[in-house]
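Residues per chain, in single letters:
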Protein chains: 2
Amino acid sequence: MSKIYVIGIGPGNYEQMTGRAIQAMKNSDVIIGYTVYVDLVKEHFPDKEFMTTPMKKEVDRCVLAFEEAKKGKTVSMICSGDAGVYGMSGLMYEVGERYEDVDLEIIPGVTAATGGAAVLGAPLIHDFCLISLSDLLTPWEKIEARLLGASQADFVICLYNPSSKKRHDYLQKACDLMMQYKAPETVCGIVTNIGREGEAARVLTLHELKDTQVDMFTTVFIGNSQTREINGKMVTPRGYRNV
Amino acid sequence: MSKIYVIGIGPGNYEQMTGRAIQAMKNSDVIIGYTVYVDLVKEHFPDKEFMTTPMKKEVDRCVLAFEEAKKGKTVSMICSGDAGVYGMSGLMYEVGERYEDVDLEIIPGVTAATGGAAVLGAPLIHDFCLISLSDLLTPWEKIEARLLGASQADFVICLYNPSSKKRHDYLQKACDLMMQYKAPETVCGIVTNIGREGEAARVLTLHELKDTQVDMFTTVFIGNSQTREINGKMVTPRGYRNV
C-alpha cells in the first residue's frame, strides 16, 4: 500500500518542525507543496524530489500527490502551520475517496494561532475560536454570525486571513461586528511573519485594531473580557480566581 | 538577565516535540513541570536537574521557576500540548509581575486539538472553538453560554477536560445543550491518549456521544453541519464549493 504523509511544517523555520515531520520527509521519495513552503524546506532535504503547484490549485496538488503515490512513491504533502487547520488534510481525504490502496497519515504541527500566541504572550489561555475572514469558500453571512456568536459568548477570537487585496476592509467590518459585544478597550494583538524573517508583534485595543491595516501574513487576536496587557504582552488569565 | 523558557512539549512522545523545544531544554540548567510530564522527557535529558510539583499547585510551580531563575539558572517550564492553550504561559506572566530581570520565552507545541484532529482525520479544517468543560475556575453559566453560542453559529467544537470524577455527567449536559442547535446526526469524534501508549479514536454521532463515557485523557470533537465521515475518518470540508 502506498503512503502519503500530510505534514504541518509549523510557522516556517526548521526549528519549529516536529521530529515526526522531519522523519516523514526523510522517509519520502517526493515532497509536494505550494511553492513558498517547498522553498522553506528544500535546503534541509537535498536528496529529495520536489513538486509544486501554485496557490488556488489545491485540488490539482492533491491529485498530483495521489498520482505520485499510485506510482509506488512515498509522498509528503506539506502545509504551513498545521495541515488540519484551514490546511490540506481535509481536501486530501475528499480527493482520496477516488483512490484506493493509498494510506494517509496526518502529522500535526504548530499552527499560526499557537505560534502567534507565543510571540504575543499568552492570549489563548482560555476558551477561544478560530475564524477565517476569507469569504472565497464561505458565505460572508456565516462569517458574520460566527463573529457575533463568539463575541457575545466572550471567547478569545483568533482571525486567520484577516485581509487581502480584494478584502482590504474586512478586518474593519469584523471589528465593528465584534464591538457589538466586546468593549472597545478589549486587549488585542497582531503578529506578522510568525517565526520567519521580519516577525513583528503589537498589542493594541480593539478600537485601535479597527483602524489598523494588516496584510495576509498577519494573524489577529482579540481578547476576552479578562484579557489584559502585562509589560507589553497580551495575557488571558486561566480562570476567575486571583493569583 | 535570567531566562525561563515556557515550553509546550506536544502530545507526549519525543517525536512530537519541535526542535526549538528540544534545544531550549538542552540550554537549560533545570527542567520544571508537573510530575507526569517531567517523566515523559526525563530520559532524553539525562544531565539536567528536574523539579516537580503536583497537580493543582500551578502557582507554586511558577514561583519555583522564578526563584530558580533568580539564582542565575536557565529554567525550562514544561507543559503538555501547547503552553499557551489552557497551559502555564498565562500564569507565568501573572506571577512574573512580581519578578524583575527575568526574561520569558514561550515555545509553542502541538496542542491536543490539532494532535487529536490528526488522529481522527481532518475535523478542524474550518472555523472552530476550543471549550474546556472544567468549571473549577470558570462559572458553569459561562461554559453553557459558549456551548450554545458556538453551536448556533455552526462552529466545529473541540472540548478539553470533558470529564473527571466529580464531573462525570458534564459531557452529557454539554451534548444536550449543543443539540439545541446541532443535529443529533452531527459527526463527532473522540481521541484518548493522543500520541501516547493506548492511543484510541472513535467516530460517532452527537446522539451517540451523549451516552458515551469518556475520561480526563480524552479530547472530544463535534463537527459542523458540513462535517462527514469518509472511510472511518472525521472530515470537515474547507468550504462550500464541491470538490
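Above this text is the structure in question.
Residues numbered from 1 in each chain as written. Chains lettered and ligands numbered in written order. Predicted model: local features only at pLDDT ≥ 70, side-chain atom pairs only at ≥ 80, totals over all residues. Heavy atoms only, no water.

Chemist: So what exactly am I meant to see when it comes to the packing of aromatic side chains here?
Modeler: When we look at a pair of aromatic rings, we describe it by the centre distance and by the angle of the planes. Residues and elements named next belong to chain A. If you walk through the whole model with that rule in mind, you get 10 aromatic pairs over all chains. Aromatic pair tyrosine 34 and tyrosine 37: ring centres 5.3 Å apart, planes at 75°, arrangement edge-to-face. Taken as a pair, tyrosine 34 and tyrosine 37 share a single burial class, namely buried. Between tyrosine 86 and tyrosine 160, the aromatic rings sit 5.1 Å apart at their centres with planes inclined by 45°, giving tilted as the arrangement. (Phe/Tyr/Trp six-rings, centres within 6.5 Å; stacked < 30°, edge-to-face > 60°. Buried < 20%, exposed > 50% of the residue type's maximum accessible area, 1.4 Å probe, protein only.)

Chemist: Help me understand the packing of helix α6 (residues 140-152) of chain A against helix α7 (residues 170-178) of chain A, please; the structure alone is not making it clear to me.
Modeler: Two measures define how a pair of helices packs: the angle their axes make with one another and the distance between the axes. Residues and elements named next belong to chain A. Where α6 contacts α7, the two axes come as close as 9 Å, and the packing angle between them is 40°. Taken as axis vectors, α6 and α7 run oblique relative to one another. The way α6 lies across α7 gives a crossing that is right-handed. Each of Trp140, Glu144, Leu147, Leu148 and Ser151 in α6 lies in contact with α7, whose residues at this interface are Tyr170, Lys173, Ala174, Leu177 and Met178. (Axes fitted to C-alpha atoms, helices over the stretch in contact; angles between N-to-C directions. Helix = DSSP H or I, 4+ residues; strand = E, 2+ residues; numbered from the N terminus. Parallel < 35°, antiparallel > 145°, perpendicular 65-115°, else oblique. Left-handed = near helix turned anticlockwise from the far one by under 90°. Contact = heavy atoms within 4.5 Å.)

Chemist: Please clarify how empty space enclosed by the protein should be interpreted in this entry.
Modeler: In this approach a probe as big as a water molecule rolls over the atoms, and the regions it shows empty are the leftover space. All chains considered together, the criterion is met by 2 cavities of 30 Å³ or more. Volume-wise, the largest cavity comes out at about 50 Å³. If you go around the largest cavity, the residues you meet are Thr111, Ala113, Thr114, Phe128 and Leu130 of chain A together with Thr111, Ala113, Thr114, Phe128 and Leu130 of chain B. Of all elements in the fold, only α5 (112-120) and β7 (128-132) of chain A together with α5 (112-120) and β7 (128-132) of chain B reach the threshold of two or more residues within the lining of the largest cavity. Among the residues forming the lining of the largest cavity, the class breakdown is 6 nonpolar, 4 polar and no charged. A volume near 40 Å³ is recorded for the second largest cavity. Around the second largest cavity, the lining residues are Thr114, Ala117, Ala118 and Gly121 of chain A together with Asp82, Ala83, Gly84, Ser89, Ile106, Ile107 and Pro108 of chain B. Among the secondary structure elements, those contributing two or more residues to the lining of the second largest cavity are α5 of chain A together with β5 (102-107) of chain B. (1 Å grid on protein atoms, 1.4 Å probe; cavity = no way out; pocket = protein on both sides within 12 Å on 5 of 7 lines; lining within 4 Å. Points joined across faces, edges and corners; volume = space filled by probe spheres on them. Nonpolar A, V, L, I, M, F, W, Y, C, P; charged D, E, K, R; others polar.)

Nothing here speaks to function; it is all geometry.
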